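Each chain, written out:
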Amino acid sequence: MSVSTAALESSVCAPLPVLGQDVTVPLVTGGEVTYAALDYAASAPALQRVWDDVAAYAPYYGSVHRGAGYLSQLSTDLFESSRRTVAEFLGCRADDQVVFTRSTTDSLNLLAAAIPANCQVFVYETEHHASLLPWRDAQVTYLNAPRTPGQAVETLERALTDRDPYGPALVCVTGASNVTGELWPVRELAAAAHAHGARIVLDAAQLAPHHPVDIAELDVDWVAFSGHKLYAPFGSGVLAGRADWLQAAEPYLAGGGASRKVARRADGGVDVDWHTTAARHEAGSPNVIGVYSIASACKALTEAGFDNLVAREQELVSRVREGLAEVPEVQVLSLFGDDAPRVGVISFVVRGWNSSHFAAALSAEYGIGVRDGLFCAHPLVRTLLGSDPQDPGECGAPEAEPGERSLNAIRVSFGAGTPDEHIDRFLRAVTELVREGAQWKYRTEDGRCVPDRGEAAQV
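Residues numbered from 1 in each chain as written. Predicted model: local features only at pLDDT ≥ 70, side-chain atom pairs only at ≥ 80, totals over all residues. Heavy atoms only, no water.

Thoughts on the overall build of the protein
- The helix and strand tally for the protein stands at 13 helices and 19 strands.
- Taken over the C-alpha trace, the protein has a radius of gyration of 23 Å; the compact-globule value for 459 residues is 23 Å, and the two agree within 12%.
- Projecting the C-alpha coordinates of the protein onto the three principal axes gives extents of approximately 80 × 55 × 50 Å.
- The proportion of buried residues among the 459 residues of the protein is 56%. (Helix = DSSP H or I, 4+ residues; strand = E, 2+ residues; numbered from the N terminus. Rg over C-alpha atoms; globule rule 2.2 N^0.38 Å. Buried < 20%, exposed > 50% of the residue type's maximum accessible area, 1.4 Å probe, protein only.)

Printed below as a string of structure tokens:
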């Protein structure tokens with residue numbers, strides 16, 4: 001069974017309370033408007049529940065695993081109970097480890113440092129750079145972008161069958177694209193990997209905030225995700241899964257916390273006995289606030305009823321896609337086609353518009369925050385735009401003037417805290433900008449498209 005969207009229910013939940021819901025921003029045309037945060041794929045706003053939990057704990061903050069005092073013991077208990085909460089949220093197996101990191105990028109770099117010698121890594125060109133780039137010390141096979149879920153499985157099976165020499169192998173795949181939002185056939189890819197003696201790591205950065213993730217059900221070996229996309233923006237991440245490669249590897253960072261015993265040798269050197277638990281890769285004072293915020297978000301999503309959250313988000317996805325389809329100049333980017341299941345992440349280009357110009361106008365004239373660029377998935381966006389892989393372009397705005405074609409796209413993303421009004425305003429703004437044009441002049445400044453604040457700016 002593939003990762004798939006939950007069946008829509010007859011009644012769905014209201015959006016979850018998040019910070020920033022009442023923040024107002026100035027419009028270049030005059031006045032203010034409540035900010036519409038539609039860039040969840042980059043960083044989701046903090047759930048109010050997460051913020052309240054962190055605020056309640058903050059006065060009791062203490063060192064973890066280090067002190068005998070009450071606050072230290074309380075903080076240690078909180079830290080380790082958070083580990084258990086995350087393990088439950090991910091459906092971890094009994095012998096899996098949950099390692100706390102800084103982010104998805106950090107998690108995958110940790111795993112890259114722990115893979116056995118001579119391990120071959122297989123990764124699709126469609127991956128975010130966080131999962132495309134960490135494998136610098138391994139033999140890497142980059143797989144071409146598939147155009148159907150079935151083709152993704154077939155491509156992987158061929159690559160694993162043809163590998164030479166036969167030895168340890170790791171497949172890295174996203175659960176939901178950070179560009180198209182499309183869900184990947186994770187369970188089928190895991191089955192293919194295991195049938196050919198390989199392991200698989202799931203980049204769940206865009207999947208975990210939008211859809212339940214169950215390690216045992218998906219039969220993946222590891223899962224990586226970031227707190228700042230899971231409504232817990234305090235600089236923490238997770239790598240969860242099988243312990244053997246992690247236990248056999250040198251510590252990701254050497255230092256206090258990772259070491260169980262350190263002793264001087266007679267020759268003047270140092271002998272170190274490293275931990276075999278998750279602490280082996282958690283050297284230094286951990287980000288207790290970040291870890292606790294992830295656990296709080298996991299609890300909040302579970303208690304709200306994740307299936308209900310998925311159902312509501314799917315209604316928003318349908319509304320956005322149907323609204324964009326009514327504007328002929330808009331082209332929505334997709335690998336697997338219109339019928340592919342997806343989360344609340346949609347990228348598009350607008351004929352006749354520079355993508356940075358369009359995103360700047362959404363912000364300056366409508367108070368809507370979206371993302372423009374290549375979304376740290378350069379090969380994928382270039383493939384979707386039909387451009388040459390060597391064409392220029394980078395994360396962020398291109399060096400193109402408003403109105404000129406750019407190699408970038410526009411991404412709108414939303415989730416559990418998105419009000420209906422934000423979606424309605426976004427669709428209205430897209431329609432008005434395409435049909436009537438921007439109300440203001442824009443220029444490129446330091447690589448970004450910004451409103452021209454000169455006296456003759458208005459048109």
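Things to note about the pattern of salt bridges
- Overall, the coordinates contain 22 salt bridges when judged by the stated rule.
- Arg-199 is paired through a salt bridge with Asp-244; the nearest N and O atoms lie 2.6 Å apart. Note that Arg-199 is positioned in strand E8 (residues 199–203) and Asp-244 in helix H8 (residues 244–248), a separation of 45 residues in sequence.
- Since its relative accessible area comes to 37%, Asp-244 is described here as partly exposed. (Salt bridge = Lys/Arg side-chain N within 4 Å of Asp/Glu carboxyl O.)

Focus: the pairing of strand E18 (residues 442–445)
- Sheet topology places E18 next to strand E19 (residues 448–451); four bridges connect them, and they run antiparallel. What sits directly across from Arg-443, in E19, is Val-450.
- Hairpin geometry of E18 and E19 is characterised by an intervening segment of two residues between the two adjacent antiparallel strands and by a positive phi of about 55° at Asp-446. (Pairing = 2+ DSSP bridges.)

Topic: the layout of surface pockets
- By volume, the largest pocket amounts to about 350 Å³.
- In this structure, the largest pocket is lined by 28 residues; those nearest its centre are His-128, Asn-178, Lys-229, Phe-375 and Cys-376.
- Elements with a minimum of two residues in the lining of the largest pocket: helix H3 (104–114) and strand E16 (371–373).
- Considering every element that reaches the lining of the largest pocket, the biggest residue donor is E16, with three residues.
- Class assignment of the residues belonging to the lining of the largest pocket gives a composition of nine nonpolar, 13 polar and six charged. (1 Å grid on protein atoms, 1.4 Å probe; cavity = no way out; pocket = protein on both sides within 12 Å on 5 of 7 lines; lining within 4 Å. Points joined across faces, edges and corners; volume = space filled by probe spheres on them. Nonpolar A, V, L, I, M, F, W, Y, C, P; charged D, E, K, R; others polar.)

Observations regarding the confidence of the model for the protein
- Predicted confidence across the protein gives a mean pLDDT of 92, with 92% of residues reaching 70 or more.
- pLDDT under 50 marks residues 1–11. Its contacts with residues more than four places away, or in other chains, come to 27 contacts.
- Confidence drops under pLDDT 50 across residues 455–459; counting only partners more than four residues distant or on other chains, this segment forms ten contacts. (pLDDT = per-residue confidence, 0-100. Contact = heavy atoms within 4.5 Å.)

Some details on empty space enclosed by the protein
- Inspection of every chain in the model, using the stated rule, returns one cavity of 30 Å³ or more.
- A volume near 70 Å³ is recorded for the largest cavity.
- The class makeup of the residues in the lining of the largest cavity is ten nonpolar, two polar and two charged.

A word on the packing of helix H10 (residues 306–325) against helix H13 (residues 420–436)
- Direction vectors running N to C along H10 and H13 enclose 10°, while the axes themselves pass 10 Å from each other. Classified by the angle their axes make, H10 and H13 are roughly parallel. Counting all contacts with H10, which are made through Arg-312, Leu-316, Arg-319, Val-320, Gly-323 and Leu-324, the residues of H13 involved are Asp-420, Ile-423, Asp-424, Phe-426, Leu-427 and Val-430.
- Of the residues that constitute the contact of H10 with H13, the class distribution is seven nonpolar, one polar and four charged. (Axes fitted to C-alpha atoms, helices over the stretch in contact; angles between N-to-C directions. Parallel < 35°, antiparallel > 145°, perpendicular 65-115°, else oblique.)

Considering the sheet that holds strand E14 (residues 345–350)
- As summarised here, the arrangement of the four strands in space is E13-E14-E17-E16, forming an open sheet in which the pairing is antiparallel. In the strand order of this sheet, the two ends are held by strand E13 (330–332) and E16, each with one partner. Direction aside, neighbouring strands of the sheet carry axes that sit 30° apart on average.
- The sheet contact formed by E13 and E14 spans three bridges and is antiparallel. Considered in E14, the bridge of Val-332 is made with Phe-348.

As for the sheet that holds strand E6 (residues 139–143)
- The strand order across the open sheet built from seven strands is E4-E10-E9-E8-E7-E5-E6, with neighbouring strands paired in mixed fashion. The outermost strands of the open sheet, each flanked by one partner alone, are strand E4 (97–101) and E6. Ignoring strand direction, the axes of neighbouring strands in this sheet form an average angle of 20°.
- One ladder, built from five bridges, connects E4 with strand E10 (residues 237–241); its direction is antiparallel.

Notes on unusual backbone geometry
- Residue Pro-165 follows Asp-164 across a cis peptide bond; omega there is 5°.
- Summarising the element assignment, Pro-165 is placed in the loop between helix H5 (149–161) and strand E7 (169–174).
- Of note, Phe-375 is a non-glycine position whose phi angle comes to about 55°, a positive value.
- As for its placement among the helices and strands, Phe-375 is situated in the loop between E16 and helix H12 (378–385).
- Judged by relative accessible area, Phe-375 falls into the buried class, the value being 6%.
- In the Ramachandran plot, Cys-376 falls in the positive-phi region, its phi being about 50° despite a non-glycine side chain.
- Following the sequence through the fold, Cys-376 ends up in the loop between E16 and H12.
- Cys-376 sits in the partly exposed class, given a relative accessible area of 29%.

Remarks on helix H9 (residues 288–304)
- Compared with the 24 Å implied by 1.5 Å per residue over 17 residues, the 24 Å span of H9 between its first and last C-alpha is a close match.
- Counted residue by residue, H9 has 13 buried out of 17 residues, so it is predominantly covered. (Expected span 1.5 Å × (residues − 1).)

Quick notes on the nonpolar core
- Formed by 85 residues in total, the largest nonpolar core has its most connected members in Leu-90 and Phe-225.
- The leading source of residues in this core is H9, at nine residues.
- If near-sequence neighbours (up to four positions away) are discounted, Leu-90 is found in contact with Val-213, Asp-214, Ile-215, Val-223, Phe-225, Val-238 and Ala-240.
- Val-320, Ile-368, Ile-423 and Val-434 belong to the second-largest nonpolar core, a separate cluster that totals 36 residues. (Core = buried A, V, L, I, M, F, W, Y, C linked by side-chain atoms within 4.5 Å.)

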